[in-house]
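# Working through the structure, step by step
Listed below, chain by chain, are the residues.
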Amino acid sequence: MSESSAEAVVAATANVAGAAGAANWRRAGIAGAAIGVLAAGAAAGVAVERLTVGRGMRKKARLALDATGPYGSLRGTPGRAVADDGTELYYEIDEVEVAPTTADEGASGSRRRRLFGRKAPAPVTVVFSHGYCLGQDSWHFQRAALRGLVRAVYWDQRSHGRSARGRSQADGVPVGIDQLGRDLKAVIDAAAPEGPVVLAGHSMGGMTMMALADQYPALIRDRVAAVALIGTSSGKLGEVNFGLPVAGVNAVRRVLPGVLKALGSQAELVEKGRRATADLFAGLIKRYSFGSKDVDPAVARFAERLIEATPIDVVAEFYPAFTEHDKSGALPGFRDVPVLILAGDKDLVTPSSHSEAIADVLPDAELVIVPDAGHLVMLEHPETVTDRLADLLVRSGTVPAANVGGHGSTAQQPGR
């Protein structure tokens, strides 16, 4: 696509987004889809599919995939943290039974605490932070595999999943990565106020962890036992080309923020059109989520559901934060703990070169580039991601090696 044609399509998108009234919902659907067309160039493939597969059959197929792949069904003990602007942040805790030590044998822990006044040490907690337009359920496979092995907290970032819409954003304050770092601090304070913490983050979740390190270095120094940075970046996201020709990228960069703002201002209208163009979005989501062609259809459908659940006005609110994101200066705060850096070699959103740049600052970290993997590597190659996470937990002393066993494979885990 040429630069001039790209601008024309985006200009048309902005005009349609500004149209009001239910009669224009189909055109609003084109508006909601046009950004993705520019980004992926997948419209032709979708058109062919529409000629060969009926709408009713496609709808039935989606319903069947939702029924046969109950991904995202794992639940834990719910809780809510309150951010510094009053936003309620939803989290869930997967607890783990702590076996008594040899010294405790023959006497209950409660009795020993009464007799000697000592308190059992707080367990290690792994805190999982998800990415942009996703939710805590994006960690489904890792959650299934690690359940019972380690205490874990899964939370929804503000305006995502079950968390509330950001209060500051309702007042017109732009959301920034620093705010997300403070949100993570609120979740840790509420769900893991004591004991060692392992931080694991994907994409925006990894950036959130960097913002936490930048603003709360003492927390990292005193409590963080290990760090996993998955498919993320420390900055320069404005230079990512998303697999597009230079001319198309330049056009998109110029006008996309304005178009997203226009779409966000007509959220209800665009959401109707977004549902009407579900086939197109499915193709775009697959292209930008996965690197291999033989992704399990149920997993691909799960990714669609996660992304579709993010309202267009939230998409618009968060997008500008990524071009401003620069936390390379915070990375040295992770140098004294075991670090895993993992990315897919075909990630078009946060290319593996960004993970390599992080590894240059953290030379002692384990760098894993997963072949035939895209941005949602933890869904596309769950065994690889879980295996490396389990190894990180062992290296950091979080769990004994004897307890890991087959947790590197999700094949026999609940929800698979």
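Structure report, in brief. Keep in mind the model is a prediction, meaning the values are calculated, not measured.

### A short note on the packing of helix α8 (residues 177-191) against helix α9 (residues 204-215)
Between two packed helices, what matters for the description is the angle formed by their axes and the separation of those axes. At their nearest, the axes of α8 and α9 sit 7 Å apart, and the two run at 80 degrees to each other. As the angle between them shows, α8 and α9 are arranged roughly perpendicular. Mapping the contact onto sequence places Ile177, Asp178, Leu180, Gly181, Arg182, Leu184, Lys185 and Ile188 in α8 and Met204, Met207, Thr208, Met209, Ala211, Leu212, Asp214 and Gln215 in α9. Split by residue class, the contact of α8 with α9 holds nine nonpolar, three polar and four charged.

### What about the sheet that holds strand β5 (residues 197-202)?
The strand order across the open sheet built from eight strands is β1-β2-β4-β3-β5-β6-β7-β8, with neighbouring strands paired in mixed fashion. Single-partner strands in this sheet number two, and they are β1 (77-82) and β8 (366-370). Across the sheet, the axes of successive neighbouring strands diverge by a mean angle of 20 degrees, strand direction being ignored. In the sheet, strand β3 (residues 125-129) pairs with strand β4 (residues 151-155) via five bridges, with the strands oriented parallel. Paired with Val127 across the two strands is Val153, which belongs to β4. Contacts between α9 and the sheet are confined to β3, β4, β5 and β6 (224-230), with β5 contributing the most and set at about 135 degrees to the helix. Along the sheet face, helix α16 (residues 352-361) touches β6, β7 (339-344) and β8 and points at about 160 degrees away from the line of β7.

### Focus on the pattern of salt bridges
Within this structure, the stated rule accounts for 23 salt bridges. One salt bridge in this structure joins Glu92 and Arg75, with 2.8 Å as the shortest N-O distance. Taken together, the positions of Glu92 in strand β2 (residues 88-94) and Arg75 in the loop between α4 (55-68) and β1 put the pair 17 residues apart, joining distant regions of the chain. The partner of Arg301 in a salt bridge is Glu308, and the shortest N-O contact between them spans 3.6 Å. Residue Arg301 is classed as buried on the basis of its relative accessible area, which comes to 10%. Since its relative accessible area comes to 31%, Glu308 is described here as partly exposed. Residues joined by salt bridges that share partners form a network here, namely Arg75, Glu92, Asp94, Asp137, Arg143 and Arg147.

### Some remarks on the packing of aromatic side chains
Scanning the entire structure with this criterion turns up six aromatic pairs. On the numbers, 5.1 Å between centres and 55 degrees between planes, the contact of Tyr71 with Phe141 is tilted. A residue pair is termed long-range when its members are at least 10 positions apart, and Tyr71 in the loop between α4 and β1 and Phe141 in helix α6 (residues 140-146) qualify at 70 residues. For the pair Tyr71 and Phe141, a shared accessibility class is recorded, and that class is buried. On the basis of an interplanar angle of 10 degrees and a centroid distance of 4.7 Å, the ring pair of Phe128 and Tyr154 is categorised as stacked. A residue pair is termed long-range when its members are at least 10 positions apart, and Phe128 in strand β3 and Tyr154 in strand β4 qualify at 26 residues. An identical accessibility class is assigned to Phe128 and Tyr154; each is buried. Through successive ring pairs, a cluster of aromatic residues spans Tyr71, Phe141 and Phe302. One residue, Lys185, lies across the ring of Tyr216, its end atom 5.2 Å from the ring centre.

Reading the values: the criteria
In this numbering scheme, every chain counts its residues from 1 along its sequence in written order. Two thresholds apply to this predicted model, a pLDDT of at least 70 for residue-level local features and 80 or more for giving and counting side-chain atom pairs, whereas whole-chain, interface and lining totals are computed over all residues. The basis for the side-chain values is all heavy atoms of the structure; hydrogens and waters are excluded. To get an axis, fit a line to the C-alpha atoms, keeping to the stretch in contact for a helix; angles then go from 0 to 180 degrees between the N-to-C directions. Segments assigned H or I by DSSP are reported as helices when at least four residues long, segments assigned E as strands when at least two residues long, and all are numbered from the N terminus. By the definition adopted for this analysis, an angle is roughly parallel if under 35 degrees, roughly antiparallel if over 145, roughly perpendicular if from 65 to 115, and oblique otherwise. Any two residues whose heavy atoms approach within 4.5 Å are treated as being in contact. Polar here means any residue outside two lists: the nonpolar Ala, Val, Leu, Ile, Met, Phe, Trp, Tyr, Cys and Pro, and the charged Asp, Glu, Lys and Arg; Gly therefore counts as polar. A pair of strands is treated as paired once DSSP finds two or more bridges between them. In the sections that follow, a salt bridge refers to a side-chain nitrogen of Lys or Arg positioned within 4 Å of a carboxyl oxygen of Asp or Glu. The rule is simple: take the accessible area with a 1.4 Å probe, protein chains only, and divide by the maximum for that residue type; under 20% is buried, over 50% is exposed, in between is partly exposed. Stacked, tilted and edge-to-face pairs are distinguished by plane angle, under 30 degrees for stacked and over 60 for edge-to-face with tilted covering the rest, among Phe, Tyr and Trp rings (Trp via its six-membered ring) whose centres lie within 6.5 Å. Here, a charge over a ring is recorded when the distance from Lys NZ or Arg CZ to the ring centre is within 6 Å and its angle to the ring normal is within 35 degrees.

Take it as geometry only, folks, not as evidence of what the structure does.
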